[in-house]
Structure formats: structure tokens, C-alpha cells
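# Summary of structural features
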Amino acid sequence: MAVLNVLVLNSGSSSQRIRLYAIDGQLSQQALAPRWEERVEWEGTAGHRSAIEQLLRRMPSDVDIVGHRVVHGGTEYDEPVIVTPAVKEAIARLAEFAPLHNRAALDGIELVEQRCGPVPQVAVFDTAFHRHLPLAAAVYPGPYEWFTQGIRRFGFHGINYEYCASRAAALLGRDPRSLRLVICHLGNGCSLAAVRAGRSVDTTMGFTPLDGLMMGTRPGSLDPGILTYLARRFRLTPDQLDEILNAKSGLLGVSGISEDMRQILAARANGHGRATLAFDMYVHRLRAGIGAMVATLDGLDALVFTAGVGEHAPDVRSAACAGLSYLGVALDEAKNAQSPPDQDVARRGSRVPILIVRAEEDWMIARACWKLARAAEATVRTGTTARERS
């Protein structure tokens, strides 16, 4: 079987990553190292297109298929799909609900079309992993018509949650169907997922990626009355509210200095009052969210930290676990769990292990591309055989 060169574009809310995987033969469960990779970060909401252009100019030319992380797939898409004009239209339409992400993904698709021509492209959706959420978790307590109109909890970060659930089972030597996991995806965007038997049963992000935990520039859960008050009192438009909620809140909004947890931790160590407040709020909401996810699962078999902050900020992990001893999560274990160098980490020593799993969204996207490409090849071979027989 020929090697398949899969290019993956991962557009985050503040960064753009691009990786090239060379996949030959059978897929492995553990992520392969990319053949080539680069990453750039930007500030503000308008830098993603130039970031993608910059990376595509430097990419290798031998690309067979391109995969994209698309944050919001709405109710239409719960599986990876080949990009068509209809898929592009849906991604653009759903950008209303995930403006920081879907627009960047669409930019990536269009720029690849310009640079690579007819190479097949695949959209892989973060919302797909949460498609089996129980109705009690998915339906909002407003008029039921909201749900029939498509207003529901979708959940996000699902590509990485799917990988982390599988990887946690491997690290623990357990059948995924036997595990109750709380997975903490902590990056510039933050969310939690309660995963039972490999399926998402609850998550903190909702109809949009604004809900749930405090994040880099997003507030997480708010009293909705705040928004109606701001709209009436200061006559703010929906676009102005969107800008506040997506770009001027969270760690940045409270600290006044940065959305980057590394800078928050440094300022906190130097006695910066608002950075300390931002950290304390972040941890307070994280710890409360973990407790809520455990209640959904009726117990806990492992606590998983992943993504940039989750993997590389032991102070955050330690503070989050400080109040969770009643769950069997040991504080010392969290303190001693250092950032993983080249492999994932499982800390045992208390009733509930703490795992640090590197985010591997890109590998999951590459896997999806490989599967679709091989399925297309099989269809062509089957059609050729049928024509030969006739």
C-alpha cells in the first residue's frame, strides 16, 4: 500500500498549526510523529489568514489529501466528510456560533484550494464526539422550541477528547468501556468532558465555545442577564457583545495583561493583584466543573489533563486538585506530575490516577483522512472489478 501524505491544518483561537504525516499500512492507535510541522501564533481576531498563507508557502509539495479541524458542525455533520461547496457553505453559516474558529478553518480550505488545486480536502468536526449527549445534558431549559430549532448543547474539543479517552485506556491497561473519565482540555480555549465507556455524556461548552470554564479571552458561563443589561444600558450591538465575549474577557479581561497562562503565572509570582485574581477565578471554576462532571459519572476512574495549559502548567493542575481529595485525587500526585517530555504520563499512587495526555487532534484528523482516502480507493477498485466482470 502506497504511502499517503496527509497535510493537517489546525486553526485554533490564537494559533495556526500545520503538520504533514506520512502514513503507510495500518493505522496505529498512538500518534505518529509528523514528517514536517510548523506553528504560528497571532494576536487579535484578524491574523489567522496571513498565518495560514505564511505556513502554506513553506509546506512540502507532495500532499495527497488535506484535513482541517472544524470546530462547529451543527446538527448536519457528525462524521468527517470530504469538503464540497455545500460543506463550505455550512462551515461559513455555522461561523456565527464559533467565529474564532470556523472562519479560520474556512480560510484554510480556500487557501489550500488556491495553492494545491484539486487535492481532496476533509473536514473533521469537534462537535461530532458529543453527538450522543443525553437529552438531559443537551437540551437547554428554555422554551422547548429552542431545541427543535437546533439550539442545544453541542460541545467542542471532541477530536482531542476522543483521542484522550482511547489513550487513557491504553495507559491504564483498561477496556475503554469500563472507564469513567473526566478530561480537562485546558488551552486558550478550555472545556471539560465526562466520558463513560468512550462516549461523551456531559461537557462544559455548549451551543457555542463560549460556555463553561474561564478561558484565555472568553468568560465561560455568565448570568445571561448581564448581556441584556449591557445591551440596554450601553446600547451594545450583538457584534460588540461578540467582541467582548470572544476577545476581551477571561484571563485577559480580568488580569488586564494577557490571555497566556504563562504570563499570568509569572505576574502572579511577582505579586500582581489582578493576575492573582484571574488565576484564582480560573481554578475555582475548573475545580467546580470537575466536581460537576464527576457527579454526572457517579464516580471517577481517572482524571486527565491535556492541551497547552493542562500539559505544561503543574501549578494549575496542583491547584485544581487541591480540593478534590474527597474524590480520591491526591494533591501530592498532582504536584509531582510534571509536563510530559516525549510521552504521556500516568501518575498512580492514589485511588484515582491523574493522567497527562498530549493533545493529538492533528493525528486524529490525519487518521480520518486516511480512512476516507482508503474507502474511496476501495470503492474505485470495486467499481473497476464490476465493470470488468460485466
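Anything mentioned here points back to the structure above.
Residues numbered from 1 in each chain as written. Predicted model: local features only at pLDDT ≥ 70, side-chain atom pairs only at ≥ 80, totals over all residues. Heavy atoms only, no water.

## Some remarks on the side chain of T217
The test is simple: The helix count covers DSSP runs of H or I at least four residues long, the strand count covers runs of E at least two residues long, and both are numbered beginning at the N terminus. Burial status follows relative accessibility: with a 1.4 Å probe on protein chains alone, a residue under 20% of its type maximum counts as buried, one over 50% as exposed, and anything between as partly exposed. Within 3.5 Å is the distance limit for a polar contact, defined as a pair of N or O atoms, with the added protein rule that one can donate a hydrogen and the other accept it, and that residues adjacent in sequence qualify only through two side-chain atoms. Contacts between residues were defined by any pair of non-hydrogen atoms, one from each residue, lying within 4.5 Å.
For T217, the position within the fold is in the loop between strand 9 (199-203) and helix 7 (224-234). Under the relative-accessibility criterion, T217 is labelled buried at 10%. At 2.7 Å, the side chain of T217 and the backbone oxygen of N246 are in polar contact. If we skip the residues at most four places from it in the chain, T217 touches N188, I244, L245, N246, A247, K248, S249, G250, L252 and E259.

## Describing the nonpolar core
Cut-off, in case you're wondering: Nine residue types can take part in a nonpolar core, namely buried Ala, Val, Leu, Ile, Met, Phe, Trp, Tyr and Cys, and a core is a set of them joined through side-chain atoms within 4.5 Å.
Formed by 44 residues in total, the largest nonpolar core has its most connected members in L186, Y282, L286 and L303. Secondary-structure elements contributing two or more residues to this core are strand 7 (180-186), strand 8 (190-196), helix 10 (261-269), helix 11 (273-297), strand 10 (302-306) and helix 13 (314-321). The element best represented in this core is helix 11, accounting for ten residues. If near-sequence neighbours (up to four positions away) are discounted, L286 is found in contact with C184, L186, L192, L213, V316 and A320. Of all hydrophobic cores here, the second largest spans 35 residues; its members include Y21, A165, I365 and A368.

## A few points about the pairing of strand 8
Short version of the rule: A strand pair is defined by DSSP finding two or more bridges across the two strands.
Burial within strand 8 is extensive, with six of its seven residues counted as buried. Here strand 7 pairs with strand 8 via seven bridges, running antiparallel. Looking at the pairing, I183 lines up with A193 of strand 8. Where strand 8 meets strand 9, four bridges bridge the pair, whose relative direction is antiparallel. Bridge pairing in strand 9 links A194 to D202.

## Digging into the packing of aromatic side chains
The criterion, for reference: Under the pairing criterion, centres of Phe, Tyr and Trp rings, with the six-membered ring standing for Trp, must be within 6.5 Å; the plane angle then separates stacked pairs below 30 degrees from edge-to-face pairs above 60, leaving the rest tilted. Consider the ring centre and the ring normal. A charge sits over the ring if Lys NZ or Arg CZ is within 6 Å of that centre and within 35 degrees of that normal.
Under the criterion given, the structure shown has six aromatic pairs. Ring centres of Y77 and F125 lie 5.1 Å apart, and the angle between their planes is 10°; this geometry places the pair in the stacked category. Placement of the pair is Y77 in the loop between strand 4 (65-70) and strand 5 (81-82) and F125 in strand 6 (residues 121-125), with a sequence separation of 48 residues. For F125, a relative accessible area of 2% translates into the label buried. Here the aromatic cluster, defined as three or more aromatic residues joined through ring pairs, consists of F97, F154 and F207. The ring of F234 carries R233 above its face, with NZ or CZ at 5.1 Å from the centroid.

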